[in-house]
Amino acid sequence: MNFILQKTILNLNLVKRILLNRFFASSGRITVKNKSFYAWLLLGLSLTGSMICSAQARLHPSLIPVADNLTVPWDIEWLGNEKIIFTEKDGRIGQVDLKKGTTATLYKVADVAVELQSGLLGLQLHPQYPQSPLVYIAYTVYQGDQLVLKLSELTFEGGQLIFSKDIVQNIPAAATDVGGRFLITSDQKIYISVGDNENSETAQNLASLNGKILRYNLDGSIPADNPFPNSPVWAMGIRNSQGLTEANGMIFFTEHGTMSDDELNLLVKGGNYGWQLVAGHCDQESKSVCENIKHQEPIVAWTPTVAPAGLAYYNHDRYPALKNSLLVAELFDETLHVLKLDKKLRSVKEQSPLISEEIGRLRDVLTTSDGRVFVATSNADAYGAAHAGSDGIFEIKFNQEPPRKVPPPLNLLSSAVADDTLQLDSTMLEIRILTDHLLHPWDMTWGFDGHIWFTENGGYVKRLNPVDGKIDTMLHLQDCHFSWGNPGIYSLAFHPHFPKEPYLYLHYTNSATNSKLTRWRYDFDNDALTDSIAILPAITANESHNGSRIVFTPDDKMFFAMGEAYTPELAQDLSSLNGKILRLNLDGSVPDDNPFPGSLIWSYGHRNPQGLALLPNGTLWSSEHGANNDDELNIIYKGQNYGWPKVQGFCDLRSEERFCIEQKVVQPIIAWTPTVAPCALEYYNHPAIPEWQNCLFQVFLKKGKGKKGQRLTVFQLGESGRQINNQTDYFTNTYGRLRDVLFAPDGRVFMCTSNKEISGNGKKVVKADDDKIIELRPVKK
């Protein structure tokens, strides 16, 4: 059973303290950074090219391309003599000659298996290179239709690489969270990172190699002094490490978190780094678990996540400002961060961005023996979605030129002014902000009283008068459990026969590991919600991935979407309600015509569905979040399997084919990569806005480039309601994260934003007056 522990409940004082620590402290224990004053600082730094200060001078970085037309260079290493060797994920090993300005192919791995994050990954030279002219690579191959990771040795002969031998084979691999970074130390030991392969529980299982850092001799044998007898495991509890480097005999590694807590760690023999029991630093709530597993605390934990990849240690006099620092290449933040270490290399004194959002996703960073710095981009990977040949290798050089001036903070904080009207083909819509300064509203429903009822972070049910903007608090759930990334309270819906059946349904978490679907009676005399009962009292929950949405059918049934609670295997487990779309009677009992006798399950194999829309003809649509790729828009069919975690998106990978055929997996209508975090989904068919009749409305949370950003998308459906004829995007990157969309009986449209999430997903889009509920209404002619 999965028990990722929650972060402590954050009150306002704690948030302030964390933010101040994030901005000023020198401890390196970095957490929340999504508040306005810090957002403008980060943006200002990125606009200036991110200067680094030293006691001698202010250094201004310049990016010099040394190789272009590459496709996902993954690891770059210094050969000496002005040459760089690198891997590309599709199997090419290349060489850059800086003197000649040329790039050449040294070797092509014939049997490489390329799926999403897998392919040709890490590369290292023999520690006595060039006296021992050996090169080592890590890459994925197929065994049957399954992926495995292996290490191989190549030899330099006549300026080319020749295959020598396989060293280690049969390391578990997958299309995502595969790891693949490795390091060879001066004592001729190989340390290689192996991700949890999207199977988080394996990270704590010593019988599995997943979620570990392994240690081998150069011949592939297991060193006698490894901490676990006859096992290559050196450290455990690691989600997905893509950075390893050595500094003065110490080894550091980076690790990808999920929604929070990317980590920088010091590698310790036999150390347990917590995943999936602990994410980031231990706190009071996780203290006993940390003590039990002897948890190794991270040096830095980043929330919001930055996706740290390549890691290098800089300790040269060439650029004194960088001396005794770790350089971190970040994919999501598109930033190269400088982490200044203390003299003992045990903590980070300060950190600052060196380059930010200038050349895209950064996969690796290299520091050379003569003090130079190089980076490689990863814009053509599955999550950057640039075209093949869009990547390159760049050298970072510095000069003494004065930096550009940082614009005043107030200019950076000012919200973009949205249009007050939206012109469709023939209909003019007026845009009005009904209310602002909310805290992470999650779900909205139209009330019997002509008001908008909505849930809000912390366990609140509130009611908004759309005429005068007045808000009433209708309920505060005292047993609601919420924390760093979890609103606590999710979906709400009035009984379809209200007020004859005066009930409101609410779904919320009441502990770190449990959520419940409850029914509350509305007391007309006292204008209050009372007399609650739990119709589904025990649903496995987690820090996130708790779903959920509610829709009612004309035959008095409820569809209820549930996430897999960050435990992927539950999505395929028909004894669990997680990772499913459920169908239940309105009292919580099982309908007789459900596809699995005695079970509430209607469909399964879902990751985290947060959109659910029912058409008048009975067609049920759902949208769900993918992991690192393949968000999905699906039509839901009775009793069918939608693949997660065995299949992500379409059945288009060799490792997915057999499962797809055997399980008759239903493929999505749309799969979005890079991910866009589709949230609420609603069906509109009102004559008030004729251009939008017979349309699905989909809102998106995730920020992206251009039209791929946060937006409202309107899908025009065909006559059957089962195909999409065209789509139109609105409000792209205008209001930030859009969490929900709601329709009034008279055809008005409402949206709510979700920019103030404490988990940090709202970074760089938080406005001073967030969060908001926004109205779109036809202008009367």
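Residues numbered from 1 in each chain as written. Predicted model: local features only at pLDDT ≥ 70, side-chain atom pairs only at ≥ 80, totals over all residues. Heavy atoms only, no water.

### Some remarks on the overall build of the protein
- Scanning the protein from terminus to terminus reveals five helices and 50 strands.
- In the protein, which comprises 781 residues, the proportion classed as buried is 63%.
- Carbon and sulfur atoms provide 49% of the accessible area of the protein, an area that totals close to 28800 Å². (Helix = DSSP H or I, 4+ residues; strand = E, 2+ residues; numbered from the N terminus. Buried < 20%, exposed > 50% of the residue type's maximum accessible area, 1.4 Å probe, protein only. Areas by Shrake-Rupley, 256 points an atom, 1.4 Å probe, with all protein chains shown as cover.)

### A short note on the sheet that holds strand β47 (residues 724-730)
- In space, the four strands of this open sheet follow the order β44-β45-β46-β47, with antiparallel pairing throughout. Of all the strands in the sheet, just β44 (678-684) and β47 have a single pairing partner and so form its edges. When strand polarity is set aside, the average angle formed by the axes of neighbouring strands in this sheet is 20 degrees.
- Sheet analysis places β44 next to strand β45 (residues 695-700), joined by five bridges and oriented antiparallel. The residue bridging Glu 682 from the neighbouring strand is Phe 697, located in β45. (Pairing = 2+ DSSP bridges. Axes fitted to C-alpha atoms, helices over the stretch in contact; angles between N-to-C directions.)

### Let's talk about the pairing of strand β35 (residues 528-540)
- Of the strand pairs in this sheet, strand β34 (residues 514-523) and β35 are connected by eight bridges, and their pairing is antiparallel. Following the sheet pairing, Asp 523 is matched in β35 by Ala 528.
- Counting the residues between successive antiparallel strands, the hairpin from β34 to β35 contains four residues, one of them, Asp 527, with a positive phi of roughly 50 degrees.

### Observations concerning the pattern of salt bridges
- The tally for this structure, following the rule as stated, stands at 30 salt bridges.
- Taking the shortest distance from any N to any O, the salt bridge between Arg 181 and Asp 364 comes out at 3.5 Å. Of this pair, Arg 181 sits in strand β11 (residues 179-184) while Asp 364 sits in strand β23 (residues 362-367), placing them 183 residues apart in sequence.
- A salt bridge links Arg 372 to Glu 395, with the shortest nitrogen-to-oxygen separation between them at 2.9 Å. Pair noted here: Arg 372 is in the loop between β23 and β24 (373-377) and Glu 395 is in strand β25 (residues 391-399), with a separation of 23 residues, a long-range link.
- We classify Glu 395 as buried; its relative accessible area is 3%.
- Counted as one network, the salt bridges with shared partners bring together Arg 432, Asp 746, Arg 748, Glu 775 and Arg 777. (Salt bridge = Lys/Arg side-chain N within 4 Å of Asp/Glu carboxyl O.)

### Considering the sheet that holds strand β33 (residues 503-511)
- The antiparallel open sheet is built from four strands, whose spatial order is β32-β33-β34-β35. Only two strands of the sheet have a single partner each, and these edge strands are β32 (489-494) and β35. For this sheet the average axis-to-axis angle between neighbouring strands, irrespective of direction, equals 20 degrees.
- Here β32 pairs with β33 via four bridges, running antiparallel. Pairing of Leu 492 across the sheet is with Leu 506, part of β33.

### Looking at the nonpolar core
- The biggest cluster of nonpolar side chains holds 28 residues, and the ones touching the most others in it are Leu 151, Phe 182, Ile 192, Leu 214 and Tyr 216.
- Elements represented by at least two residues in this core include exactly β8 (134-143), β9 (146-157), β10 (160-172), β11, β12 (189-194) and β13 (212-217).
- Once you skip the residues sitting within four places of it in the chain, Phe 182 turns out to touch Gly 122, Leu 123, Gln 124, Tyr 136, Ile 137, Ala 138, Leu 151, Ile 190, Tyr 191, Ile 192 and Leu 244.
- Grouped together as the second largest cluster of nonpolar side chains are 26 residues, Ala 677, Cys 679, Cys 695 and Ile 774 included. (Core = buried A, V, L, I, M, F, W, Y, C linked by side-chain atoms within 4.5 Å. Contact = heavy atoms within 4.5 Å.)

### Focus: helix α5 (residues 654-663)
- Listing the buried residues of α5 in full gives Ser 655, Glu 656, Phe 659 and Cys 660. The buried side chains of α5 occupy one side of the element, clustering within an arc of 110 degrees when seen end-on. Of the exposed residues in α5, those oriented more than 90 degrees away from the buried face are Arg 658, Ile 661 and Glu 662.
- Taken together, the buried residues of α5 touch β8 and β9. (Arc of directions from axis to C-beta.)

### Observations regarding the confidence of the model for the protein
- Across the protein, the average pLDDT comes to 88, with 87% of residues at or above 70.
- pLDDT under 50 marks residues 1-57. Its contacts with residues more than four places away, or in other chains, come to 160 contacts.
- Scored below 50 in pLDDT, residues 401-419 shows 28 contacts in the model against residues more than four places distant or in partner chains. (pLDDT = per-residue confidence, 0-100.)

### Description of the environment of Cys 660
- Here Cys 660 shows up in helix α5.
- Overall, the relative accessible area of 8% leaves Cys 660 in the buried class.
- Along the primary structure Cys 660 and Asn 641 are separated by 19 residues, whereas in three dimensions their C-alpha atoms are 9.1 Å apart.
- Among all residues touching Cys 660, those that are not within four sequence positions of it are Val 647, Cys 651 and Val 665.

### Topic: unusual backbone geometry
- Going from Phe 498 to Pro 499, the amide bond is cis rather than trans, its omega being 10 degrees.
- Turning to its location among the elements, Pro 499 is positioned in the loop between β32 and β33.
- Here the bond from Trp 644 into Pro 645 is cis, since omega is 0 degrees, no more than 30 degrees from zero.
- Of note, the phi angle at Asn 69 is positive, near 55 degrees, even though the residue is not glycine.
- Backbone geometry at Asn 248 places phi at a positive 50 degrees, although glycine is not the residue there.
- Looking at where Asn 248 falls in the secondary structure, it is placed in the loop between β15 (243-247) and β16 (250-255).
- Residue Asn 248 is classed as exposed on the basis of its relative accessible area, which comes to 59%.

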